[in-house]
Amino acid sequence: MAFGPNGLLATGDLGMVRLWDVSGRAAPHLLSSTPPSYTYMINQLNAVAFSPNGLLAFGGSDGAVRLWDISNREAPRPLGDPLTGATASVYSLAFGPDGILAVGANDGTVRLWDVSDRGAPRPLGDPIASVTNSRTSVNSVAVAPDGLLAAGGDDGTVRMWDIGVLQYLRNAAVQVACQRAGRGLDKQEWTRYLATEPYRNTCPASAQ
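A quick note: this is a predicted structure, and the numbers were derived from the prediction, not measured.

Chemist: Provide a residue-level description of the sheet that holds strand E16 (residues 158-162), including the pertinent values.
Modeler: The sheet built from three strands is open, its strands ordered E14-E15-E16 with antiparallel pairing. Whereas interior strands pair on both sides, the edge strands pair on one side only; in this sheet they are strand E14 (138-143) and E16. Between one strand and the next, the sheet's axes are offset by a mean angle of 15 degrees, whatever the strand orientation. Relative to E16, strand E15 (residues 148-153) runs antiparallel, the two being bridged by five bridges. Paired with Leu149 across the two strands is Trp161, which belongs to E16.

Chemist: Break down the packing of aromatic side chains for me, citing the residues and quoting the values.
Modeler: In the structure shown here, the tally under the stated rule is two aromatic pairs. Aromatic side chains Trp190 and Tyr199 sit 5.5 Å apart centroid to centroid with 80 degrees between the ring planes, which places their arrangement in the edge-to-face category. According to the relative accessible area criterion, Trp190 is buried, its value standing at 3%. Owing to a relative accessible area of 32%, Tyr199 belongs among the partly exposed residues under this scheme.

Chemist: Describe the sheet that holds strand E3 (residues 16-21), with residues and values.
Modeler: Read across the sheet, four strands follow the order E1-E2-E3-E4 without closing on themselves; strand pairing throughout is antiparallel. Looking at strand neighbours, the two that pair on one side only are strand E1 (2-3) and strand E4 (29-30), the edges of this open sheet. Sheet topology places E1 next to strand E2 (residues 8-13); two bridges connect them, and they run antiparallel. Looking at E2, one finds that Phe3 is bridged to Leu9.

Chemist: Could you give me a rundown of unusual backbone geometry, with the residues and numbers involved?
Modeler: If you check the backbone angles, Asn6 has positive phi at about 60 degrees while not being a glycine. Phi is positive for Asp98, which is not a glycine, with a value near 60 degrees. Looking at the secondary structure, you find Asp98 in the loop between strand E9 (90-95) and strand E10 (100-105). Overall, the relative accessible area of 44% leaves Asp98 in the partly exposed class.

Chemist: Break down the pairing of E15 for me, with residues and values.
Modeler: Here five bridges tie E14 to E15, and the two strands are oriented antiparallel to one another. Counterpart to Val143 in the pairing with E15 is Leu149. Turn length for the E14-E15 hairpin, with the two strands adjacent in sequence and antiparallel, is four residues, and the turn residue Gly147 shows positive phi of about 90 degrees. The loop that links E15 with its antiparallel partner E16 comprises four residues; one of these, Gly156, has a positive phi angle of about 85 degrees.

Chemist: Explain the nonpolar core to me, and be specific about the residues and the numbers.
Modeler: Core analysis: the biggest nonpolar cluster contains 15 residues, and Val65, Leu67, Leu93, Phe95, Leu101 and Val115 have the highest contact counts within it. Listing elements by their share of this core, those giving two or more residues are strand E5 (45-50), strand E6 (55-60), strand E7 (65-69), E9 and E10. It is E9 that provides the largest number of residues to this core, a total of three residues. With near-sequence residues (within four places) excluded, Leu67 lies in contact with Leu56, Ala57, Arg77, Pro78, Leu79, Leu83, Phe95, Leu101, Val115 and Pro121.

Chemist: Tell me about the environment of Leu45, and please be specific about residues and values.
Modeler: Considering the arrangement of structural elements, one finds Leu45 in strand E5. For Leu45 and Gly60, which are 15 residues apart along the polypeptide, the C-alpha to C-alpha distance reads 4.3 Å.

Chemist: Before we move on, could you go through the pattern of salt bridges and cite the residues and values that matter?
Modeler: Side chains that carry opposite charge are capable of pairing whenever their charged atoms lie near each other. Taken as a whole and judged by the stated rule, the model has seven salt bridges. Two residues, Asp107 and Arg111, come together in a salt bridge whose shortest N-O distance is 3.4 Å. With a shortest N-O distance of 3.3 Å, Arg122 and Asp114 are connected by a salt bridge. Here Arg122 falls in the partly exposed class, since its relative accessible area comes to 41%. In this structure, a network of salt bridges that share partners links the residues Asp69, Arg77 and Arg118.

Procedures and definitions
Residues numbered from 1 in each chain as written. Predicted model: local features only at pLDDT ≥ 70, side-chain atom pairs only at ≥ 80, totals over all residues. Heavy atoms only, no water. Pairing = 2+ DSSP bridges. Helix = DSSP H or I, 4+ residues; strand = E, 2+ residues; numbered from the N terminus. Axes fitted to C-alpha atoms, helices over the stretch in contact; angles between N-to-C directions. Phe/Tyr/Trp six-rings, centres within 6.5 Å; stacked < 30°, edge-to-face > 60°. Buried < 20%, exposed > 50% of the residue type's maximum accessible area, 1.4 Å probe, protein only. Core = buried A, V, L, I, M, F, W, Y, C linked by side-chain atoms within 4.5 Å. Contact = heavy atoms within 4.5 Å. Salt bridge = Lys/Arg side-chain N within 4 Å of Asp/Glu carboxyl O.

Below is the structure:
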């Protein structure tokens, strides 16, 4: 289970996700009891997480993560297709800054997703091998505001990575590419790769 913003609580049992309003502590109530508006059936629910900006993520034994938009708490709605890639059950979820979602699975890996564009989530790089072997589960993940990722497994270890560079690359992709290449696309290259777009200098600081 997980607490969300403004008195929300997500709980799950036997694959069913329920969204509760617990802002009135003496009288918590289920926002809806009618599936599928606020519930989703998967084989077994293992992890739920809220983002700061109105997303609910949950995953389970089918290896997929589902995203719901809960910005309208009276009418949550699913967002697109499930996020796939885990070869085994999803055991842990955590949102980080700038739309990063960390997914821990019982194949010993952590996968990172960019969900800042709700209409087009995308994986960030290859899975991170978090634990000593693929038979060890990643039971918990957490992402700090400064981009520090921590993952704990049932091998008794916690491992940490600095993923702040991913945030920098996403926010300054063109600048990084220009720095590494030393120039932008010339007009011939632009015509070859982007023939349908009008030419523009991709690295204004460099001479084309």
